[in-house]
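Letter by letter, the chains look like this.
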Amino acid sequence: MVAIINWNNTGTITPPSGWTEHNMYFPSSGGTMGLYYKVAGGSEPSDYTWSFDAASRVSGAIVTFQGSYAADPREGAYSENEDVFAEATANTVTTTNDCAIVLYLSAYDEPLGDIWTAPSGWSIATANDGSGNCVIGYRYFATAGATGSAAFTCTNGSAAFGNYLWAFIRND
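Residues numbered from 1 in each chain as written. Predicted model: local features only at pLDDT ≥ 70, side-chain atom pairs only at ≥ 80, totals over all residues. Heavy atoms only, no water.

All right, on to the overall build of the protein chain then. The helix and strand inventory of the protein chain stands at zero helices and 16 strands. Carbon and sulfur atoms form 47% of the exposed surface of the protein chain, whose accessible area is close to 7,600 Å². (Helix = DSSP H or I, 4+ residues; strand = E, 2+ residues; numbered from the N terminus. Areas by Shrake-Rupley, 256 points an atom, 1.4 Å probe, with all protein chains shown as cover.)

This is the structure in structure tokens:
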């Protein structure tokens, strides 16, 4: 399971029990984008609650991928960049293992009503537009190597403040 939490503040985000922080991203435009993962057990609740040390706008998204993952499914390859244009591009990552799922995670701290479009070969797992905006896209790479960049677009001309590619190992 992978979660992106978009918070229009800077401070402490506390994830639910069992979730591990992968990275906290603090773009120059303000706010916080937290990335988390959890290896799902046999029974998971229908929702999760994150805690924040200050009140502010929050949005988030969770996706689940099935497969035989190790206790820590991260491959280690990731890339982050800040982008403030209608085409939100995440830099390339290089996977070191075959059968990797690479995720595109992006957030914006305003409710934009965006409709996200994935580049060729990518799919959108989830996108929301609550008090902020988050999107998670993904692509499967059968063989190890450079992924190339991923340019997702927002139809209303707004853009994400943080763009992130994150590689996971998938055991087929």
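Let us look at the environment of Pro16. Locating Pro16 in the fold gives a position in the loop between β2 (13–14) and β3 (20–25). Relative accessible area serves as the criterion here: at 13%, Pro16 is assigned to the buried category. Taking the C-alpha atoms as reference, Pro16 lies 6.4 Å from Tyr48; in sequence the two are 32 residues apart. The contact partners of Pro16, leaving out residues within four places of it in the chain, are Tyr48, Thr49 and Trp50. (Buried < 20%, exposed > 50% of the residue type's maximum accessible area, 1.4 Å probe, protein only. Contact = heavy atoms within 4.5 Å.)

Let us look at the packing of aromatic side chains. How two aromatic rings sit relative to each other is given by the distance of their centres and the angle of their planes. Considering all chains together, one arrives at four aromatic pairs under this definition. On the numbers, 5.2 Å between centres and 55° between planes, the contact of Trp19 with Trp50 is tilted. You can see Trp19 sitting in the loop between β2 and β3 and its partner Trp50 sitting in the loop between β4 (32–37) and β5 (51–52), a full 31 residues away along the chain. Comparing Trp19 with Trp50 shows no difference in burial state: the two are buried. (Phe/Tyr/Trp six-rings, centres within 6.5 Å; stacked < 30°, edge-to-face > 60°.)

Sheet architecture is open: four strands sit in the order β3-β4-β1-β6, paired in antiparallel fashion. A single partner strand is all that each edge strand has here, and the edge strands are β3 and β6 (58–63). Adjacent strand axes in the sheet meet at a mean angle of 15°, parallel and antiparallel pairs treated alike. As defined by bridge partners, strand β1 (residues 2–7) adjoins β6 across six bridges and the pair is classed as antiparallel. Bridge assignment links Ile5 to a residue of β6, and that residue is Gly60. (Pairing = 2+ DSSP bridges. Axes fitted to C-alpha atoms, helices over the stretch in contact; angles between N-to-C directions.)

Turning to the nonpolar core, a few remarks are in order. Residues Val2, Ile4, Leu105 and Trp166 are the most contacted members of the largest nonpolar core, which totals 16 residues. Residue assignment for this core shows that the elements contributing at least two residues are β1, β4, β6, β10 (100–108), β13 (133–141) and β16 (162–169). Per element, the largest residue contribution to this core is four residues, and it comes from β10. Counting twelve residues, the second largest nonpolar core, distinct from the first, contains Ala90, Val102, Tyr104 and Trp116. (Core = buried A, V, L, I, M, F, W, Y, C linked by side-chain atoms within 4.5 Å.)

β4 sits mainly inside the fold: six of its six residues count as buried. Residues Thr32, Gly34 and Tyr36 of β4 are buried on one face, and the alternating residues Met33, Leu35 and Tyr37, pointing to the opposite face, are buried as well. Pairing between β1 and β4: six bridges, direction antiparallel. Residue Ala3 lies in a different strand from β4, and its bridge partner there is Tyr36. As defined by bridge partners, β3 adjoins β4 across five bridges and the pair is classed as antiparallel. Its bridge partner being in β4, Tyr25 is matched across the sheet by Met33.

Turning our eyes to something else, we now look at the environment of Arg139. Mapped onto the fold, Arg139 is located in strand β13. Note: C-alpha distance between Arg139 and Ile124 (15 residues apart in sequence) is 9.0 Å. With sequence-adjacent residues up to four places away left out, Arg139 is seen in contact with Ala100, Ile101, Val102, Ser120, Gly121 and Trp122.

Among the secondary structure elements, Thr95 is positioned in strand β9 (residues 94–95). Note on Thr95: relative accessible area 3%, which makes it buried. In contact with Thr95, not counting residues within four places along its chain, are Glu75, Ala100, Val102, Thr143, Ala144, Gly145, Thr147 and Ala167.

Purely geometric stuff here, so don't read any function into it on its own.
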